[in-house]
Amino acid sequence: ETMLLMGVLSMISTVLFILFANSNTDRNSINANHVSFFDYINLAKQQKIRPLLYFAFLSLGAFNALTTWMESIYLEYGLNREEAGMLTGLLIIGGILGSPILSALSDRLENRRLILVFCSLLAALLIYPLCQFLSLSTLMFIAVATGFIFLPGLPILLAEAENQVSIEQSGIIASFILWVGNLGAFVMIALTSVISTQASSWQAAVFLMMCALLLASILVFKPKAATNAAAISSS
C-alpha cells in the first residue's frame, strides 16, 4: 500500500511537471551544446574538481551504505523492523531540517568546502554511536542529529562543484558528481556487506564508513592531498 501511494504521488508530480514546466527556448537555442564523454574526462583532469569527485565517491558511498544496512544493524541488536525503519526515517527528516540551514550558512560564509569538512567530520563521529546498542530514545536523537549534519553535504557539494565551472558546464558537473557518488554507493554497500560477513559483526563496517568520511574531509579540503592520493592509486 505504501509503494502504491508513492507511485501515485510520483505520477501526479510527473503530470504537473508536464503541464506547468516551461522550457527556456531562448537559452536552449543559444547553448545547444552536445555533451560527450570527453567533457567528463576534461573535468576529471582539473585539479580543483578532483577533490570534489573524491568527496562524492566517499561521502555518498558512506551515506548509502549506512542507510542500506541500518535496519540490519538494529535488527542484530534486537530492535524490530518498525523501530529500525523509524530511525532511518528520522535520519532523513534531520537532513530535511539541516539542508536549508547549512546550505544558507555555507553561502553566507562563502566557504563551502569548510562546511563540507564540518559535515563529513561530525557525521563520522556520529555514525559510531548511531550504530551501537543504545536506548531507542537516544538513537532517535542521534539519528536526527546525524541527518541534520550529514545530508546537507550533497546540495552544498553540488553548489561548490557548479561554482568551479562555467554556467554551460553546470549540468555536466552536477551529473558527474551524482554519477561518481552512485559509483561510491555501489562499492561501499558491497564492501561493507563483505566486511560484516567476514567479521561476523557490523562494527568493522561501521569503522569503514567512518574512515571513508574522514578521508573525504581531508581530500576535499586539501587539493594537494587529493592529487597525491590519485598519483599513489594510479602507480
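The preceding data block contains the structure.
No experiment lies behind these values; they were computed from the predicted model shown.

Topic: the pattern of salt bridges
Phase 1: This structure, assessed with the given rule, holds four salt bridges.
Phase 2: The salt bridge partner of Arg-112 is Asp-107, with a shortest N-O separation of 3.0 Å.
Phase 3: With relative accessibility at 19%, the residue Arg-112 sits in the buried group.
Phase 4: The salt bridge involving Glu-160 is made with Arg-112; its shortest N-O contact spans 4.0 Å.

Concerning the packing of aromatic side chains
Phase 1: If you walk through the whole model with that rule in mind, you get six aromatic pairs.
Phase 2: On the numbers, 5.2 Å between centres and 75° between planes, the contact of Tyr-40 with Phe-176 is edge-to-face. Highlighted residues: Tyr-40 in helix H3 (residues 37-44) and Phe-176 in helix H9 (residues 170-199), separated in sequence by 136 residues.
Phase 3: Judged by relative accessible area, which is 24%, Tyr-40 ranks as partly exposed.
Phase 4: Judged by its relative accessible area of 9%, Phe-176 is buried.
Phase 5: One aromatic cluster is present, formed by Tyr-40, Phe-176 and Trp-179 through successive ring pairs.

Notes on helix H10 (residues 203-221)
Phase 1: End to end, H10 covers 28 Å across 19 residues, agreeing with the expected 27 Å (1.5 Å per residue, within 8%).
Phase 2: Considered for burial, the residues of H10 that qualify are Gln-203, Ala-205, Val-206, Met-209, Met-210, Ala-212, Leu-213, Ala-216, Ser-217, Leu-219 and Val-220.

Focus: the layout of surface pockets
Phase 1: Taken as a whole, the largest pocket encloses approximately 200 Å³ of empty space.
Phase 2: Lining the largest pocket we find 16 residues, and of these Leu-60, Phe-63, Phe-150, Leu-151 and Leu-154 sit closest to its centre.
Phase 3: Of all the elements in the fold, those that place two or more residues in the lining of the largest pocket are helix H4 (50-76), helix H6 (112-130), helix H8 (153-163) and H9.
Phase 4: Take the lining of the largest pocket: its biggest share by element is five residues, from H4.
Phase 5: When grouped by side-chain class, the residues that make up the lining of the largest pocket number 10 nonpolar, six polar and no charged.

The rules behind the values
All residue numbers refer to positions counted from 1 along the written sequence of the respective chain. Given that the model is predicted, a residue must reach a pLDDT of at least 70 before its local features are reported, and side-chain atom pairs must reach 80 or more before they are shown or counted; all residues, however, enter totals for whole chains, interfaces and linings. Values shown for side chains rest on all heavy atoms present in the structure; no hydrogens or waters enter the calculation. Salt bridges are defined by distance alone: a side-chain nitrogen of Lys or Arg within 4 Å of a carboxyl oxygen of Asp or Glu. The rule is simple: take the accessible area with a 1.4 Å probe, protein chains only, and divide by the maximum for that residue type; under 20% is buried, over 50% is exposed, in between is partly exposed. Pairing of aromatic side chains requires ring centres within 6.5 Å, counting the rings of Phe and Tyr and the six-membered ring of Trp. Pairs whose planes differ by under 30 degrees are stacked, by over 60 edge-to-face, and all others tilted. What counts as a helix is a DSSP run of H or I of at least four residues, what counts as a strand is a run of E of at least two, and both are numbered from the N terminus. Under the convention used throughout, the expected extent of a helix is 1.5 Å for every residue step, that is, one less than its residue count. Grid spacing is 1 Å over the protein atoms alone, the probe is 1.4 Å, and a cavity is where that probe fits but cannot get out, while a pocket is an open set with protein on both sides within 12 Å along at least five of seven lines and lining residues have an atom within 4 Å of a point. Grid points are joined across faces, edges and corners, and a volume is the space filled by probe spheres set on the points. Think of it as three bins: nonpolar holds Ala, Val, Leu, Ile, Met, Phe, Trp, Tyr, Cys and Pro, charged holds Asp, Glu, Lys and Arg, and polar takes everything else, Gly as well.

None of the figures reported here should be taken as evidence of function without further support.
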